Protein chains: 2
Amino acid sequence: MPEGIRAKKEENFSEWYIQLIEKAELIEYSPVSGCIILRPTSYAIWESITQFLDKKIKEKGVQNVYFPLLIPENLLKKESKHVEGFSPEVAWVTEAGDSKLNERLAIRPTSETIMYDTFKKWIRSYRDLPLLTNQWANVVRWEFKHSIPFLRTREFLWQEGHTVFATQKESEEHALEMLEDYAKTYEELLAVPVIKGTKTDSEKFAGADITYSIETLLPNGKAIQAATSHCLGQNFSKAFDIKFIDKDEKTKYVYQNSWGFTTRSIGIMIMIHSDNKGLVLPPKVAMNKVVIIPILMEKDKERVIGRTKILKKQLEKYNPILDDRDDIKPGNKFNNYEMKGLPIRIELGPRDLEKNQAVIVRRDTGEKRSVNLDDIDRIVEKTLDEIQKNLYIKAKEFLDNNVIIVDNEKEFEKNINKKIVQVQWCGNPECEESIKKKYAGVKALNIPFEQKKELKNCFKCSKKAIYYVNFAKSY
Amino acid sequence: MPEGIRAKKEENFSEWYIQLIEKAELIEYSPVSGCIILRPTSYAIWESITQFLDKKIKEKGVQNVYFPLLIPENLLKKESKHVEGFSPEVAWVTEAGDSKLNERLAIRPTSETIMYDTFKKWIRSYRDLPLLTNQWANVVRWEFKHSIPFLRTREFLWQEGHTVFATQKESEEHALEMLEDYAKTYEELLAVPVIKGTKTDSEKFAGADITYSIETLLPNGKAIQAATSHCLGQNFSKAFDIKFIDKDEKTKYVYQNSWGFTTRSIGIMIMIHSDNKGLVLPPKVAMNKVVIIPILMEKDKERVIGRTKILKKQLEKYNPILDDRDDIKPGNKFNNYEMKGLPIRIELGPRDLEKNQAVIVRRDTGEKRSVNLDDIDRIVEKTLDEIQKNLYIKAKEFLDNNVIIVDNEKEFEKNINKKIVQVQWCGNPECEESIKKKYAGVKALNIPFEQKKELKNCFKCSKKAIYYVNFAKSY
């Protein structure tokens, strides 16, 4: 049995998280610094995410493809802002077997360049558009910042969508649709509320015209970017010469988008829902949604085990674990499955059996109640549904309570360490930059789609404001 | 419209294949030599395979995990035969951003070393066994031989299973079970018959005690290894110090297996079933199983299109394509979808509509027949089933007709260029080696599980034979 987490979430958040993910057997550190091993529990979460999101992606007519891992240096360099953004963290292959390579090959940090070099062969006329592709893949970004499992690792898993359109309008609409699907993946599957918006120019993706993002706040008061969807405009189509003959017989450059969702989402979900007893998983992503623990006394031992076996079969669709080991105390088992985040525990002892009942315990609230065995199927289903909803509601309340609108820097300063602070901004990057410099770790998250109507003055320079923008300490 | 394949399968097999996979839009060449791009049609085939096989893997209690792409050089070197086998084709990362790395990192050619370094932390006692893991991943093997799309590329996709047992017996049983699942994936899904057997010592995996394989014969008379399942014995557990305390309280080294199934399977399937008109896909792996083509005349055009729209909806579960473009001739459409391998074509023109019928055309046999529209659902289902079976039967006949048992070298020589030749063998590697040297490209495929009872003399040295072994020209 693993021992409990020795740090408290509310006191030492980072230490709590690091202990949790190891003790809940979500990850293991690898011999390559900054790269983690996804153990079955966390990989199963990723599988739930990929299934949910892949379905949405395919419903939009996007087709999955696979492009090579390695990108020749000359390709990576074709779009100047893009290479500038990524080159400090590229891992380079320079040798193979006993040979030196003629040209360095980048392990993909993202695949715009290798994909678009080929897209130009596939696109001739407006009939070839839109071109809608996606790939599920690993990427490497050799960051030198301190790594945080799931949130910032040198290798991570993701999907990267790459879509091509005849017009800017279609491109923007599609980018927003994908952002909507990302928001649904967080909200409906991971029970994590997010704030949709547009990145400021200085925070957008290297090579993009517009970056849309979803952002959220973690329990330690730090915000995090949850996913992004970019309108690349014609920046790459001009660099890679991707043109098409339009209906009017004129040759035009295409408009392109890219959009990505990563294993970072697993870390965000864990941080938001889990507690000092361990992992708390939304039922929709829990590999095993139920654990059944027979309470074994001398009396009626075989009958109790027999009944829990039937129960296991009955609840098969929740992929239950039946832990009927006789040499481990029930209390230790309780702690173990609480650590691992199983949404529902069912206890069944000889006295329960006499009364044709079992005890159901919710992982999220700890609430215990006796239920009739004839009714248990329905109650498990209902309870799983309630847990999923409750986790979202709690997280939404936390987020709503921690987004504050202020109109002066004094108030900004008072709140910026723990909240998302929304302020009016003139749109001048200098005001944004001065905030970044003054408050370590603070940056503009996004310009939320939901804007209050009334606008007055920039909270920094007092010139006329053009938006509200969200700032926070951020990962 | 793509033009047809200019080479004939029976005359110039390689050229036929190369033209086919490009014209059917399965692949595109990438700017990195030896790496291909999987376009939607081929990636969808891979998705069918992963779904089919992943289900079988999970049914056996194996859990999916993800280990890092990059392996430090010192780990890769820990098992001496393993590193000897793989080091000539390892791609090395030596730089990241502007920094030189202290130690070279290998892009995984396979993950034994990085996984087993961690397995030792997870295994303490017999209670932790068996440990059953699998990962779906990309690997890089920088081969310097001529690359052949799908069959031999420098990067490919696969699953690699890594399982750990207390006893040799369990390890061998499990290795055989996985081989059985691989055979089923080929036979039931890809409609490709295979020959199960054991690799000779000189052909087994670098670091294995036993390699089980499935092998098949391609239409050009060359054999190919379709998948392998290895008993690694205690070779890696000794190199990585993976021990457990057994029930008898003694400390023992574990027994390990690894087993892999790759995107090579897509190439094998294409080569076996396809013809001079293009791709032929077994219905179970075809992304779109049906194409509906309205035959558009002036008369009743709208009614015909309307009826095909209803038909599309009716056949939704086969993910049909409705091609009602008015500016392309039906004949061109027929060629196009034949090239792309869709199992069934449905034609519907004004005269068909009058008779409440449609024409169904099978891609595998070209057979055409009129069927009543009220009955079409059932007939499509039945026909898809027949196509799947027919492709397997045809392939099985070809394989059965091209495995020949001979008992002397003269007969061996006569058949070895076009067939799998089964001979009696004394087990001495020298006899095997002398064959490899004398006949370019020929090697021992495997020692088939199905052995004829009667054994006499080695076909090479005339000493007492101990098995029948399959030889062939091989990829």
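Residues numbered from 1 in each chain as written. Chains lettered and ligands numbered in written order. Predicted model: local features only at pLDDT ≥ 70, side-chain atom pairs only at ≥ 80, totals over all residues. Heavy atoms only, no water.

J.: Could you give me a rundown of the overall build of chain A, with the residues and numbers involved?
T.: The helix and strand inventory of chain A stands at 14 helices and 23 strands. For 475 residues, the compact-globule estimate of 2.2 N^0.38 gives 23 Å, and the C-alpha radius of gyration of chain A, at 25 Å, lies within 12% of that figure. With the principal axes as the frame, chain A shows a C-alpha extent of 85 × 60 × 50 Å. Relative to its 475 residues, chain A shows a buried fraction of 61%. Residue pairs in contact within chain A that sit at least 24 positions apart in sequence constitute 69% of those at least 6 positions apart. On chain A, roughly 19,800 Å² of surface is accessible, and the fraction owed to carbon and sulfur atoms is 47%. The positive charge centre, built from 77 side chains, and the negative charge centre, built from 71, are 2 Å apart in chain A. (Helix = DSSP H or I, 4+ residues; strand = E, 2+ residues; numbered from the N terminus. Rg over C-alpha atoms; globule rule 2.2 N^0.38 Å. Buried < 20%, exposed > 50% of the residue type's maximum accessible area, 1.4 Å probe, protein only. Contact = heavy atoms within 4.5 Å. Areas by Shrake-Rupley, 256 points an atom, 1.4 Å probe, with all protein chains shown as cover. Lys, Arg positive; Asp, Glu negative; His and termini not counted. Charge placed at Lys NZ, Arg CZ, Asp CG, Glu CD.)

J.: Could you give an account of the relation of the copies chain B and chain A, naming the residues involved and the relevant values?
T.: Taken as rigid bodies, chain B and chain A are interconverted by a rotation of 180 degrees and an axial shift of 0.0 Å, the fit giving an RMSD of 0.0 Å. The superposition of one copy onto the other is thereby described by a two-fold rotation axis. Measuring from the rotation axis to each C-alpha of chain B, the shortest distance belongs to Val93 of chain B, at 2.1 Å. Of the interface residues in chain B, 100% have counterparts in chain A that sit at the interface too, so the contact is made through matching surfaces. (Least-squares fit on C-alpha atoms with pLDDT ≥ 70 in both.)

J.: Lay out the domain arrangement of chain A with the relevant residues and their values.
T.: Residue and element names in this part refer to chain A. By the assigned domains, chain A splits into domain 1 (13-273), domain 2 (288-386) and domain 3 (403-473). For domain 1 and domain 3, the distance between their C-alpha centres works out to 27 Å. Listed by partner, the interface residues are 19 residues for domain 1 and 19 residues for domain 3. Among the residues domain 1 hides against domain 3, the three largest losses belong to Ile195, Thr200 and Glu203. Together they make up 33% of the total. On inspection of domain 1 and its partner domain 3, the count reaches one salt bridge. Of all elements in the fold, only α6 (168-189), β9 (195-198) and β10 (210-217) reach the threshold of two or more residues within the side of domain 1 that touches domain 3. The dominant element in the side of domain 1 that touches domain 3, judged by the number of residues it contributes, is β10, at five residues. Looking at side-chain class alone, the side of domain 1 that touches domain 3 contains six nonpolar, eight polar and five charged residues. (Domains from an automatic or database assignment. Buried area = accessible area lost by both parts, 1.4 Å probe. Salt bridge = Lys/Arg side-chain N within 4 Å of Asp/Glu carboxyl O. Nonpolar A, V, L, I, M, F, W, Y, C, P; charged D, E, K, R; others polar.)

J.: Mind laying out the interface of chain B and chain A, listing which residues take part and the relevant values?
T.: Listed per partner, the contact involves 56 residues of chain B and 56 residues of chain A. Interface area for chain B against chain A, summed over the two sides, is near 4,500 Å², with a carbon-plus-sulfur share of 60%. The tally of links between chain B and chain A comes to eight salt bridges. One salt bridge in this structure joins Asp327 of chain A and Arg127 of chain B, with 2.5 Å as the shortest N-O distance. No other element matches the six residues that strand β5 (residues 91-96) of chain B contributes to the side of chain B that touches chain A. Residue composition of the side of chain B that touches chain A, by class: 33 nonpolar, nine polar and 14 charged. With five bridges connecting them, strand β5 (residues 91-96) of chain A and β5 of chain B associate as antiparallel partners. Of the residues in β5 of chain B, the one forming a bridge with Ala96 of chain A is Ala91 of chain B. (Pairing = 2+ DSSP bridges.)

J.: Requested: an account of the sheet that holds strand β17 (residues 344-348) of chain A, with residues and values cited.
T.: All names here are of chain A. Here we have five strands laid out as an open sheet, ordered β16-β15-β17-β18-β19, and mixed in their pairing. Strands at the two margins of the open sheet, each flanked by one partner only, are β16 (321-322) and β19 (368-372). Where strand β18 (residues 357-362) meets β19, five bridges bridge the pair, whose relative direction is antiparallel. The residue bridging Val359 from the neighbouring strand is Ser370, located in β19. Its contacts with the sheet place helix α10 (residues 330-339) against β15 (290-294), β16 and β17, and it is angled at close to 175 degrees to β15. Of the strands in this sheet, β15, β17, β18 and β19 touch helix α12 (residues 376-401), which is tilted by about 10 degrees from β18. (Axes fitted to C-alpha atoms, helices over the stretch in contact; angles between N-to-C directions.)

J.: Before we move on, can you summarise the nonpolar core with the specific residues and values?
T.: Judged by nonpolar contacts, the single largest core of 62 residues is most densely connected at Phe150, Tyr186, Ile214, Ile268 and Ile270 of chain A. Not counting residues up to four positions away in its chain, the partners in contact with Ile214 of chain A are Leu179, Tyr182, Ala183, Tyr186, Val194, Ile195, Lys196, Ile224, Gln225, Ala226 and Ala227 of chain A. Counting residues in each nonpolar core, the second largest holds 61 residues, with Tyr66 of chain A together with Ala175, Tyr212 and Tyr475 of chain B among its members. (Core = buried A, V, L, I, M, F, W, Y, C linked by side-chain atoms within 4.5 Å.)

J.: Outline the side chain of Thr94 of chain B, listing residues and values.
T.: Tracing the backbone through its elements, the reader meets Thr94 of chain B in strand β5. A relative accessible area of 6% places Thr94 of chain B in the buried class. One polar contact links Thr94 of chain B to Thr94 of chain A, side chain to side chain, over a distance of 2.6 Å. (Polar contact = N/O pair within 3.5 Å; in protein donor to acceptor, adjacent residues only side chain to side chain.)

J.: Break down helix α9 (residues 301-314) of chain B for me, citing the residues and quoting the values.
T.: Residue and element names in this part refer to chain B. Along its 14 residues, α9 runs 20 Å from first to last C-alpha, staying within 8% of the 20 Å computed at 1.5 Å per residue. Those residues of α9 not exposed but buried are Lys301, Val304, Ile305, Arg307, Thr308 and Leu311. Along the axis of α9, the buried residues cluster in a sector spanning 160 degrees; they form a single face. Facing away from the buried side of α9 by more than 90 degrees, the exposed set consists of Glu302, Arg303 and Lys313. (Expected span 1.5 Å × (residues − 1). Arc of directions from axis to C-beta.)

J.: How would you explain helix α1 (residues 13-23) of chain A if you had to name every residue and give the values?
T.: Residue and element names in this part refer to chain A. Every buried residue of α1 is accounted for by Phe13, Trp16, Tyr17, Gln19, Leu20, Ile21 and Lys23. Packed against the buried residues of α1 are β1 (27-29), α8 (264-273) and α10. Where α1 terminates, the next one or two residues include Glu25, which has phi positive at roughly 60 degrees.

J.: Tell me about the environment of Pro350 of chain B, and please be specific about residues and values.
T.: Residues and elements named next belong to chain B. Mapped onto the elements of the fold, Pro350 is located in helix α11 (residues 350-354). Residue class for Pro350 comes out buried when judged on its relative accessible area of 10%. Placed 56 residues apart in sequence, Pro350 and Pro294 show a C-alpha to C-alpha distance of 8.8 Å. When near neighbours in sequence (up to four residues on either side) are disregarded, Pro350 contacts Ile295, Met297, Lys299, Asp300 and Val304.

J.: Could you give me a rundown of the packing of helix α2 (residues 40-59) of chain A against α6 of chain A, with the residues and numbers involved?
T.: All names here are of chain A. Axis separation between α2 and α6 bottoms out at 10 Å; the angle between their running directions is 145 degrees. Of the two elements, α2 crosses α6, and the hand of that crossing is right-handed. Contacts from Ser48, Ile49, Phe52, Leu53, Lys56 and Ile57 in α2 reach Met178, Asp181, Tyr182, Lys184, Thr185, Glu188 and Leu189 in α6. When the residues that make up the contact of α2 with α6 are grouped by side-chain class, the tally is seven nonpolar, two polar and four charged. (Left-handed = near helix turned anticlockwise from the far one by under 90°.)

J.: Can you tell me about unusual backbone geometry, naming the residues and giving the values?
T.: Trans peptide bonds make up the majority, and among non-glycine residues the majority have a negative phi. All names here are of chain A. In this structure, Pro130 follows Leu129 across a cis peptide bond, with omega equal to -10 degrees. For Pro130, the position within the fold is in the loop between α5 (112-122) and β7 (131-140). With phi around 55 degrees, Asn356 is a residue other than glycine that occupies positive phi space. With respect to the helices and strands, the residue Asn356 is situated in the loop between α11 (350-354) and β18. Residue classification places Asn356 among the partly exposed positions, given a relative accessible area of 27%. In this structure, Ser462 takes a positive phi of about 70 degrees despite not being glycine.

J.: Tell me about the pairing of strand β14 (residues 255-262) of chain A, residues and numbers included.
T.: Residues and elements named next belong to chain A. Most of β14 is tucked away, with eight of its eight residues classed as buried. Side chains Tyr255, Asn257, Trp259 and Phe261 project from β14 onto one buried face, and the interleaved Gln256, Ser258, Gly260 and Thr262 project onto a second face that is buried too. Bridge count for strand β8 (residues 155-165) against β14 is eight bridges, and the pairing is antiparallel. Paired with Phe165 across the strands is Tyr255, a residue of β14. Note that strand β11 (residues 223-233) and β14 share five bridges and pair antiparallel. Across the sheet, Cys231 pairs through a bridge with Asn257, a residue of β14.

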